[in-house]
Amino acid sequence: MARFLATASGADAVEITGFTPLRGGAIQENWALDARFSGRALSGEQRLVLRTAAPTGVTASLGRIEEFAVLKAAFAAGVTVPAPLWATDDPQIMGKPFFVMSRIDGTAAAHRITRDRALDPALPAIAERLGCELARIHTIRPPRADLAFLAPYEKVGPAQQIATFRAYLDRHPAPRPVLEWGIRWLETHVPPPTDPVLCHRDFRTGNYMLNGAVLTGILDWEFAGWGDPHEDIGWFCSKGWRFARLDREAGGIAERSPFYRGYESEAGRSVDPQRVFFWEVLASVRWAVIALQQSDRYMIAGERNLDLALTGRRATECELEILMLLDTGGAPRGA
Amino acid sequence: MRDLPSGPRLLALARDVLLHDLMPLLPSEAHLDARLVANSMAIAEREASAGEESAQGIFDDLEKLYGDAGSGGPELLARLAHDLRVGAFELSEQRERDARRIMWRLTIAELRSANPRFLNANGLS
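Residues numbered from 1 in each chain as written. Chains lettered and ligands numbered in written order. Predicted model: local features only at pLDDT ≥ 70, side-chain atom pairs only at ≥ 80, totals over all residues. Heavy atoms only, no water.

J.: Looking at this structure, I do not really get unusual backbone geometry. What am I missing?
T.: Trans is the prevailing form of peptide bonds, just as negative phi is the prevailing case for residues other than glycine. Pro143(A) follows Pro142(A) through a cis peptide bond whose omega is 0 degrees. In this fold, Pro143(A) is placed in the loop between helix H5 (123-137) and helix H6 (153-156). Looking along the chain, the bond that leaves Leu4(B) and enters Pro5(B) is cis, with omega of -5 degrees. Residue placement: Pro5(B) occurs in the segment before helix H1 (7-22). Non-glycine residue Asp220(A) carries a positive phi angle of around 55 degrees. Following the sequence through the fold, Asp220(A) ends up in the loop between strand E8 (214-218) and strand E9 (225-227). (Helix = DSSP H or I, 4+ residues; strand = E, 2+ residues; numbered from the N terminus.)

Set out below in structure tokens:
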């Protein structure tokens, strides 16, 4: 590892002074990597993060080398992200591909962010800033030679996502009527195609870092791909990502208006609430499927992880949200 | 007939011991896992207490929807899922309403075990 870091960075020598796992990434492993660099190009103590794949994963996520390329594109577009440093797929070093980025300060703990009363006054401005950051991500548009590995929009648009959800449910051992109903609604309400942009596809509270009230970075780019910009907006606002504050519709931190305002002012175009609604329904279906896939990692792949096993139970929370969004009459009496 | 204290009561007591007696003795990096264990025990306790009553009520509704008392509940549930996928109830307002009622019942019954706090936060119980 030290040799790799020295070669990649152009340092004369590197000494690893710390290598400890970071909690949080359910799908990837993140390690706090401390190293002392000496030489011309880079010198001194560096606080880094090494990101690599967990033993089992969900199929939709990018490989680490691809995720590194997306992170570099976002960095170049002016999005607030940890600085992307080096990547390798050489199996000699860790046995699997990984990349290294700078370590940013702060917390991404969503329950803490949505519960911390001291943070409340700053949250609308943070939501506005996040809207602005998202619009910057969406300035990245195809075609891009550096992102040529991303599937074309035609292959990852709503119709394809719907087909993927159904294919998953066909393999799932238990029937999920509410998901089937929600997917049917999606199928019959697909919005007209739009010019695709780079979607983060997991842009939400829990995936950005705050140092006090300062946004220090957007994290976890493993699901990025070409898509409808409203997909990210719907995902950010969906109930599954509001944590302790279901009433604050923009990521559990604010009303939608500051988030939309930040987005619109940076993007120079309006948010379409109808499109957001479609993607918000899809977000609930998608999160339910991801939750079930997470518990499959225990149920099928045998990964001994209680957090993942429990995540499967969260699919029903998404199903309640699907019912609340699409059956506005509410729960029948006696249900 | 099972001996006492019942399984759900033992789980409730064990969870209380975990959270109040053991948790303070655990290093802070083990607290999250301990809370996940406590949450799993709470789900198991609520499921055991609820028994099969709510599932039976849903199966009864399914039998009524399909006019089919011969098939088992799980089979009818799979049939409901399939029919919802293909929009089979979209031409009949009454059957659509009946199907939606079953979906609400299923979802609320499951959340009563898995996450009653989420149910309450959404104005349901």
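J.: Explain the packing of aromatic side chains to me, please; I cannot follow it from the model alone.
T.: Geometry of an aromatic ring pair is reported as the spacing of the ring centres plus the angle between the planes. Residue and element names in this part refer to chain A. Here the structure, examined in full by the defined rule, presents 14 aromatic pairs over all chains. Each ring, one from tryptophan 185 and one from phenylalanine 277, has its centre 5.7 Å from the other, and the planes form 85 degrees; the classification is edge-to-face. One end of the pair, tryptophan 185, is in helix H8 (residues 177-187); the other, phenylalanine 277, is in helix H11 (residues 273-299), with 92 residues separating them in the sequence. Consider the rings of phenylalanine 236 and phenylalanine 259, whose centres lie 4.2 Å apart with planes at 20 degrees: the pair is stacked. Placement of the pair is phenylalanine 236 in helix H9 (residues 229-237) and phenylalanine 259 in helix H10 (residues 256-267), with a sequence separation of 23 residues. Exposure class is identical for phenylalanine 236 and phenylalanine 259. Each is buried. Among the aromatic residues, those joined into a cluster by ring pairs are Trp185, Phe277, Phe278 and Trp279. Lying over the aromatic face of phenylalanine 223, arginine 286 brings its terminal NZ or CZ to 5.6 Å of the ring centre. Over the aromatic face of tryptophan 235 sits the side chain of arginine 286, whose NZ or CZ is 4.2 Å from the ring centroid. (Phe/Tyr/Trp six-rings, centres within 6.5 Å; stacked < 30°, edge-to-face > 60°. Buried < 20%, exposed > 50% of the residue type's maximum accessible area, 1.4 Å probe, protein only. Lys NZ or Arg CZ within 6 Å of the ring centre and 35° of its normal.)

J.: How should I be thinking about the interface of chain A and chain B in this particular structure?
T.: Often, the extent of an interface is quoted as the loss of accessible area on bringing the components together. At the junction of the two partners, chain A supplies 31 residues and chain B supplies 37 residues. When chain A packs against chain B, the two sides together hide about 3100 Å² of surface, and 64% of this comes from carbon and sulfur. Run the count over chain A and chain B and you get 6 salt bridges. A salt bridge links Glu110(B) to Arg313(A), with the shortest nitrogen-to-oxygen separation between them at 3.3 Å. One can count 11 residue pairs in polar contact (both at pLDDT 80 or more) joining chain A with chain B. Sorting the residues of the side of chain A that touches chain B by element identifies helix H7 (158-171), H8, helix H12 (306-311) and helix H13 (315-326) of chain A as the ones contributing at least two each. The residue inventory of the side of chain A that touches chain B, partitioned by class, reads 14 nonpolar, 3 polar and 14 charged. (Contact = heavy atoms within 4.5 Å. Buried area = accessible area lost by both parts, 1.4 Å probe. Salt bridge = Lys/Arg side-chain N within 4 Å of Asp/Glu carboxyl O. Polar contact = N/O pair within 3.5 Å; in protein donor to acceptor, adjacent residues only side chain to side chain. Nonpolar A, V, L, I, M, F, W, Y, C, P; charged D, E, K, R; others polar.)

J.: Can you help me understand the packing of H8(A) against helix H4 (residues 73-85) of chain B in this one?
T.: A pair of packed helices can be characterised by two numbers: the angle between their axes and the separation between those axes. One can describe the packing of H8(A) onto H4(B) by two numbers: an axis separation of 8 Å at closest approach and a directional angle of 5 degrees. When the axes of H8(A) and H4(B) are compared, the pair comes out roughly parallel. Listed contacts from H4(B) to Pro177(A), Glu180(A), Trp181(A), Arg184(A) and Glu187(A) of H8(A) are Leu77(B), Leu80(B), Ala81(B), Leu84(B) and Arg85(B). Of the residues assigned to the contact of H8(A) with H4(B), the class counts are 6 nonpolar, no polar and 4 charged. (Axes fitted to C-alpha atoms, helices over the stretch in contact; angles between N-to-C directions. Parallel < 35°, antiparallel > 145°, perpendicular 65-115°, else oblique.)

J.: I would appreciate a short explanation of the environment of Pro192(A) in the present structure.
T.: Mapped onto the elements, Pro192(A) comes out in the loop between H8 and strand E6 (197-199). Residue class for Pro192(A) comes out exposed when judged on its relative accessible area of 56%.

J.: Just checking my understanding: could you explain H4(B) for this structure?
T.: Quick reminder: α-helices carry 3.6 residues per turn. Residues three or four places apart thus point the same way. Along its 13 residues, H4(B) runs 18 Å from first to last C-alpha, staying within 8% of the 18 Å computed at 1.5 Å per residue. Within H4(B), the full set of buried residues consists of Gly73(B), Leu76(B), Leu77(B), Leu80(B), Ala81(B), Asp83(B), Leu84(B) and Arg85(B). Summarising the contacts, the buried residues of H4(B) are in contact with H7 and H8 of chain A together with helix H3 (53-66) and helix H5 (93-114) of chain B. Positive backbone phi, at 70 degrees, marks Gly87(B), one or two positions downstream of H4(B). (Expected span 1.5 Å × (residues − 1).)

J.: Explain the layout of surface pockets to me, please; I cannot follow it from the model alone.
T.: Sizing a probe to match a water molecule and rolling it over the atoms shows the empty space that remains. By volume, the second largest pocket amounts to about 1400 Å³. In terms of lining, the second largest pocket is formed by 40 residues, of which the most central are Arg176(A), Arg313(A), Thr316(A), Glu47(B) and Glu110(B). When contributions to the lining of the second largest pocket are tallied by element, the ones reaching two or more residues are H8, H11, H12 and H13 of chain A together with helix H2 (31-50), H3, H4 and H5 of chain B. Across the lining of the second largest pocket, the residue classes tally to 20 nonpolar, 10 polar and 10 charged. (1 Å grid on protein atoms, 1.4 Å probe; cavity = no way out; pocket = protein on both sides within 12 Å on 5 of 7 lines; lining within 4 Å. Points joined across faces, edges and corners; volume = space filled by probe spheres on them.)

J.: Would you take a moment to explain the environment of Phe118(B) for this structure?
T.: Of note, Phe118(B) is situated in helix H6 (residues 116-121). In the structure, Phe118(B) is positioned 67 residues away from Gly51(B) in sequence and 21 Å away in space, judged by C-alpha atoms. Non-local contacts of Phe118(B), meaning those with residues more than four positions away in its chain, are made with Lys239(A), Leu246(A), Glu317(A), Leu320(A) and Leu111(B).

J.: Where do I start with a nonpolar patch on the surface in this structure?
T.: Taken together, the side chains of Leu13(B), Val17(B), Leu22(B) and Leu25(B) make up a nonpolar region of the molecular surface, amounting to roughly 380 Å² of accessible area. One can find Leu22(B) in helix H1. (Patch = residues over 30% accessible without salt bridge, like charges linked within 9 Å, V, L, I, M, F, W, Y side chains within 5 Å. Areas by Shrake-Rupley, 256 points an atom, 1.4 Å probe, with all protein chains shown as cover.)

J.: For this particular structure, what's the right way to read the nonpolar core?
T.: Generally speaking, a soluble globular protein has its nonpolar side chains buried in company with each other. If you look at the biggest cluster of nonpolar residues, it comprises 54 residues, and the most contacted ones within it are Leu186(A), Leu62(B) and Leu80(B). Elements that contribute at least two residues to this core include exactly H7, H8, H11 and H13 of chain A together with H3, H4, H5 and H6 of chain B. If near-sequence neighbours (up to four positions away) are discounted, Leu62(B) is found in contact with Gly73(B), Leu76(B), Leu77(B), Leu80(B) and Ile102(B). Membership of the second largest hydrophobic core comes to 45 residues, among which are Ile113(A), Ile137(A), Ile140(A) and Ile218(A). (Core = buried A, V, L, I, M, F, W, Y, C linked by side-chain atoms within 4.5 Å.)

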